[in-house]
Amino acid sequence: MRDPRAPRGQDQRSLFYARLVNDLRLPFGPLVEHLLVSEDADDHAVELTISVLGTLAEMGYRTAAKTLREYCAEGVHWEVAFSALQLIDDPTLMHGLDEVLLDRVEDDEEIADLVSSESLVTKEWIEKQPRIAAALRNNAVAWEKARSTNSRHSEYTDAQLFSMIRSNTPLADTAIGILGRRGDTRVLAIVEGVPEDRRWPSAAGIASAVSHLGPPALTHARVWVTGPHPLRDVGYRLLTKHGTTEDAPVLLEQFSAQVERRSWPGLIDLAMTMARLQVREAGPALREAWHETPNSFDRVFLLRAIHELAPGEVAPYLTEALWDCERATRAFGAKVAPMDRVVRARMEFLHDDEAEEIEVKKAASERLAELDHEV
C-alpha cells in the first residue's frame, strides 16, 4: 500500500508480498480497501497492490480474482487490474471483460495497447468482437509502418547528415545518432567541437551516438573522465562497456565512490565490469552494495559479480537469493547455490509452487534432476 520501490517499472515485489500474505495468513481486506479509496491520478498508487492481488488470484485466491474483476468495471485505475488478470491467462477470469473494455475505452489505439496479442482469451475476443480484431490489426500495421520509416534513416548520405547536424535543430540528434550507429569516428570530432551555446546535438543525442562507437572512442573517453569534462559521464559509460584492464583502477574508484555515496544509477554496469576485468579489490564494495541497494533489480548483477570475484565467500548470498523477490536472482541461486538440507527444501518448494516463474522452476528442476542422478 506504500510502495517502496524506486524503479517501479523494474523491481519485482508482487510474488514476494503475495507469498508473505499466504504464508502468514494475512487478511487482504486492507488491500481491497486501498483500491476502492485510491483516486490518485497516478496509477502507481495502486499498481503494486493490484499486482499482489493478481498473484494471489494465480495462487488460487478466488476472492482476489473477484476483486480485480469488479475493479475492472468500476475502478479508477482499472487498466492496471485488466492487465494483471491478462497475465494469469485464465479465460475463466477474463470472461465478460471484453464488454467492460469496449464500454470503458473509446480510442481503438488504447484497446490495442491494453489487449495482449499473445493471450489465450484474445483469440476468442477477436472472433467475437470485430472492434477488438480491427484495433489489433490496425496496431500491427502502424508498427510495421514505423519500423519501415526508421529503417529509411540508414539511406541518408553523409552530406545530408552533416547538413542536418549543422542545422542546430532536433534533426541534429537524428543525424549524429545515425553516424554513431554506422561506427563513423568523425562523431568524436563533432562532439568535441560543439559550442556550449548550441542546443543541438543535445547531450542525450551525443551520448547515444558516442556509445555506439565502442573501442575506437576509448582514447577519448580516458581523457574525458580525468576532469570536469562535459563528456565525463559518457566517458565512464564507454570505459564501463569497452574498457580494458588499463581502465580498471579508475573504474574501481568510480564504483567504490558510488557505493559509498549510495548513488545507484549505472552501478550494476560497473559491477559487471568489475567481474569482466577481474577486479578482485571490488569485493567489499560489491557485498556492501548487495546489502544496501534499494533496487531489487540490481541484486542479480551484484550476485553474479560476487560469485565471479569471490567464489569462496558467496555461499550465504546464493542461499539468500532463493528467497529473493526478483526471479532472475532466485533462478541464479537455484543454479549454483551450494546444496544442503535447507537449500534442497527451498529448491523443491520453488519447483512445485504454481505461482513461481517458469525461469525459476526450470532452474530448480534441472538442479534437482542433477542431484537425483548423482544419488
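Check the entry above for the structure.
Values in this document were obtained by computation on a predicted structure and should not be read as measured data.

Caption draft 1: Region of interest: unusual backbone geometry. With an omega of 0°, the peptide bond between W200 and P201 qualifies as cis. In the Ramachandran plot, N168 falls in the positive-phi region, its phi being about 55° despite a non-glycine side chain. With respect to the helices, strands and loops of the structure, N168 is situated in the loop between α11 (158–166) and α12 (171–181). With relative accessibility at 34%, the residue N168 sits in the partly exposed group. Phi angles above zero are rare outside glycine, and R262 is one such case at about 60°. Relative to the assigned elements, R262 resides in the loop between α17 (248–261) and α18 (267–276). By relative accessible area, which is 35% here, R262 ends up partly exposed.

Caption draft 2: Expanded view of the side chain of R5. Residue placement: R5 occurs in the segment before α1 (14–23). The exposure class assigned to R5 is buried, which follows from its relative accessible area of 7%. Here R8 takes part through its backbone oxygen, which lies 3.3 Å from a polar atom of the side chain of R5. Within the structure, R5 has its side chain in polar contact with the side chain of E47 (distance 2.4 Å). With near-sequence residues (within four places) excluded, R5 lies in contact with D11, R13, E47 and L48.

Caption draft 3: Summary view of a negative patch on the surface. On the surface, a cluster of negative charge is made up of E106, D107, E109, E110 and D113. Mapped onto the secondary structure, E106 falls in the loop between α7 (97–104) and α8 (108–114).

Caption draft 4: Highlighting the packing of helix α3 (residues 44–58) against helix α5 (residues 78–88). Where α3 meets α5, the closest approach of the two axes is 9 Å, and the angle between their N-to-C directions is 30°. It follows from the interaxial angle that α3 and α5 lie roughly parallel. In terms of crossing hand, the pair formed by α3 and α5 is right-handed. Contacts between α3 and α5 involve E47, I50, G54, A57 and E58 from the former and V80, A81, A84 and I88 from the latter.

Caption draft 5: Quick peek at the pattern of salt bridges. By the definition in use, this model includes 24 salt bridges. Between K66 and E70 there is a salt bridge whose closest N-O contact spans 2.6 Å. Remark: E70 and K66 occur in helix α4 (residues 62–74); sequence separation between them is 4 residues, near one turn of the helix. Across the pair E356 and R330 runs a salt bridge, and its minimum N-O distance is 2.8 Å. With E356 in the loop between α23 (341–352) and α24 (358–374) and R330 in helix α22 (residues 327–336), this residue pair connects regions lying 26 residues apart in the sequence. Residues joined in a network through salt bridges with shared partners are D3, R5, R8 and E47.

The rules behind these values
One numbering rule holds for all chains: residues counted from 1, following each sequence as written. Under the rules for a predicted model, residues below a pLDDT of 70 receive no local features and side-chain atom pairs below 80 are neither given nor counted, while totals for whole chains, interfaces and linings still include all residues. Hydrogens and water molecules were not included; the side-chain quantities draw on all heavy atoms of the structure. Only DSSP runs of H or I covering at least 4 residues are called helices, and only runs of E covering at least 2 are called strands; the numbering of each starts at the N terminus. We call a residue buried when its accessible area falls under 20% of the maximum for its residue type, exposed when it is over 50%, and partly exposed in between, using a 1.4 Å probe and counting protein chains only. Polar contacts, as counted here, are pairs of nitrogen or oxygen atoms within 3.5 Å of one another; within protein the pair requires one atom able to donate a hydrogen and one able to accept it, and residues that are adjacent in sequence qualify only if both atoms are side-chain atoms. The contact definition used throughout considers only heavy atoms, calling two residues in contact when any of these lie within 4.5 Å. Distance thresholds for patches are 9 Å for like charges and 5 Å for nonpolar side chains (Val, Leu, Ile, Met, Phe, Trp, Tyr), applied to residues having over 30% relative accessible area and no salt bridge. Method for areas: the Shrake-Rupley scheme with a 1.4 Å probe, in which residue coverage is limited to the protein chains shown. Should a side-chain nitrogen of Lys or Arg be within 4 Å of a carboxyl oxygen of Asp or Glu, the pair is scored as a salt bridge. This count recognises Lys and Arg as positive and Asp and Glu as negative, with His and chain-terminal groups excluded. All charge positions are set by atom: Lys at NZ, Arg at CZ, Asp at CG, Glu at CD. Interaxial angles span 0 to 180 degrees and are taken between N-to-C directions of axes, which are lines fitted to C-alpha atoms, for helices over the stretch in contact. Oblique is the label for any angle not covered by the other classes, which are roughly parallel (under 35 degrees), roughly antiparallel (over 145) and roughly perpendicular (65 to 115). Each helix crossing is assigned a hand: it is left-handed if the near helix lies turned anticlockwise from the far helix by less than a right angle, otherwise right-handed if that turn is clockwise.

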